Each structure stands twice: as C-alpha cells, then as structure tokens.
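What the coordinates show
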Amino acid sequence: MAGIIKRKDTWYACFRVGCKLKVRTTGIKITPLVTPGKSKNAAMKEAELQARIIAEELEKEAKGALLNADVIVSLAGNKAKSVLLNKKYMPSDKDHLHQWLATRPN
C-alpha cells in the first residue's frame with residue numbers, strides 16, 4: 001500500500017516494488033491556496049486525500065498494472081506531466097482539443 005510523506009512543500013508517494021523503496025512526487029502542494037468559504041484545515045485534508053489517490057495510481061503503475069492517467073491529470077493539473085514522467089500517458093494536443101470540443105455546449 002502506498003503512503004505519502006512531506007518533502008519541502010509537496011506530498012511525495014512512497015511504496016515498495018520488490019525490495020526497493022520508490023519515492024515519486026505527486027505534484028500536490030501541502031498547503032494549497034485556500035478558496036473563500038473553505039477553512040485552511042479542510043483544504044489541507046483535501047490536498048492530502050488527492051496525494052493519496054495519486055500515490056495509489058503510481059504504485060499500481062510501478063507494479064505493472066495499467067495507470068489511470070485521467071485521474072492524475074484531473075488531480076495534479078499543470079504538474080501532471082512531471083508526475084507521469086512519461087509522455088505516453090499524456091494526450092496529444094490534438095486529442096485534448098477534440099475532447100475539449102466534445103464537452104463544449106453548442
């Protein structure tokens with residue numbers, strides 16, 4: 001089971017693959033920007049939950065299962081590319097444009 005640890009200002013996923021400990025960034029800030037109407041504590045708990053979800057996905061990928069890149073992209077946002085470390089999971093610009101156009105109301 002993947003765990004998360006704090007390093008600098010970001011959550012990191014740590015898990016074992018075989019006998020080796022792997023540590024990878026989740027791209028989630030420990031203290032995120034607080035939106036109006038939400039307490040800082042609630043925002044921090046939400047960020048921790050997002051980091052745990054990403055850590056589970058990274059562990060699945062490291063153990064040979066298929067990675068759900070959509071989950072990571074939706075949670076990590078702009079930092080998804082550094083989290084995934086591989087371009088093969090990122091949709092191309094053309095695919096992203098077609099997805100965006102399909103979701104737009106006419």
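Residues numbered from 1 in each chain as written. Predicted model: local features only at pLDDT ≥ 70, side-chain atom pairs only at ≥ 80, totals over all residues. Heavy atoms only, no water.

**Here's the deal with a nonpolar patch on the surface**
- There is a patch of nonpolar side chains on the surface, built from Leu97, Trp100 and Leu101 and spanning about 290 Å² of accessible area.
- Looking at where leucine 97 falls in the secondary structure, it is placed in helix H4 (residues 93–103). (Patch = residues over 30% accessible without salt bridge, like charges linked within 9 Å, V, L, I, M, F, W, Y side chains within 5 Å. Areas by Shrake-Rupley, 256 points an atom, 1.4 Å probe, with all protein chains shown as cover. Salt bridge = Lys/Arg side-chain N within 4 Å of Asp/Glu carboxyl O. Helix = DSSP H or I, 4+ residues; strand = E, 2+ residues; numbered from the N terminus.)

**Remarks on the nonpolar core**
- Ranked by internal contacts, the top residues of the largest apolar core, which has 19 residues, are Trp11, Ile28, Ile54, Leu58, Ile72, Ala76 and Val83.
- Counting residues per element, the ones that place at least two in this core are strand S2 (10–17), helix H1 (40–62), helix H2 (69–76) and helix H3 (80–84).
- At five residues, the largest contribution of residues to this core is made by H1.
- Leaving out residues up to four positions away in the same chain, valine 83 has contacts with Arg24, Thr25, Thr26, Gly27, Ile54, Leu58, Ile72 and Ala76. (Core = buried A, V, L, I, M, F, W, Y, C linked by side-chain atoms within 4.5 Å. Buried < 20%, exposed > 50% of the residue type's maximum accessible area, 1.4 Å probe, protein only. Contact = heavy atoms within 4.5 Å.)

**Section: the pairing of strand S3 (residues 20–29)**
- Sheet topology note: the S2/S3 ladder contains seven bridges and is antiparallel. When the bridges of S3 are listed, cysteine 14 appears paired with valine 23.
- Between S2 and S3, which follow one another and run antiparallel, lie two residues, and glycine 18 among them has a positive phi close to 70 degrees. (Pairing = 2+ DSSP bridges.)

**Digging into unusual backbone geometry**
- Here the phi dihedral of lysine 8 falls at roughly 55 degrees; this positive angle occurs in a residue that is not glycine.
- Note that lysine 8 resides in the loop between strand S1 (3–7) and S2.

**So, the packing of aromatic side chains**
- The tally for this structure, following the rule as stated, stands at zero aromatic pairs.
- The lysine or arginine in question, arginine 7, covers the ring of tyrosine 12, its NZ or CZ lying 5.6 Å from the ring centre. (Phe/Tyr/Trp six-rings, centres within 6.5 Å; stacked < 30°, edge-to-face > 60°. Lys NZ or Arg CZ within 6 Å of the ring centre and 35° of its normal.)

**A short note on the packing of H1 against H2**
- Where H1 meets H2, the closest approach of the two axes is 10 Å, and the angle between their N-to-C directions is 150 degrees. Overall, the two elements H1 and H2 adopt an arrangement that is roughly antiparallel. As for how H1 packs across H2, the hand of that crossing is left-handed. Facing Gln50, Ile53, Ile54, Glu57 and Leu58 of H1, the residues of H2 in contact are Val71, Ile72, Leu75 and Ala76. (Axes fitted to C-alpha atoms, helices over the stretch in contact; angles between N-to-C directions. Parallel < 35°, antiparallel > 145°, perpendicular 65-115°, else oblique. Left-handed = near helix turned anticlockwise from the far one by under 90°.)

**Topic: the sheet that holds S3**
- Pairing within the open sheet is antiparallel, and its three strands lie in the order S1-S2-S3. Where the open sheet ends on each side, the last strands, each with one partner, are S1 and S3. Taken pair by pair, the neighbouring strands of this sheet meet at an average axis angle of 35 degrees, ignoring direction.
- Where S1 meets S2, five bridges bridge the pair, whose relative direction is antiparallel.

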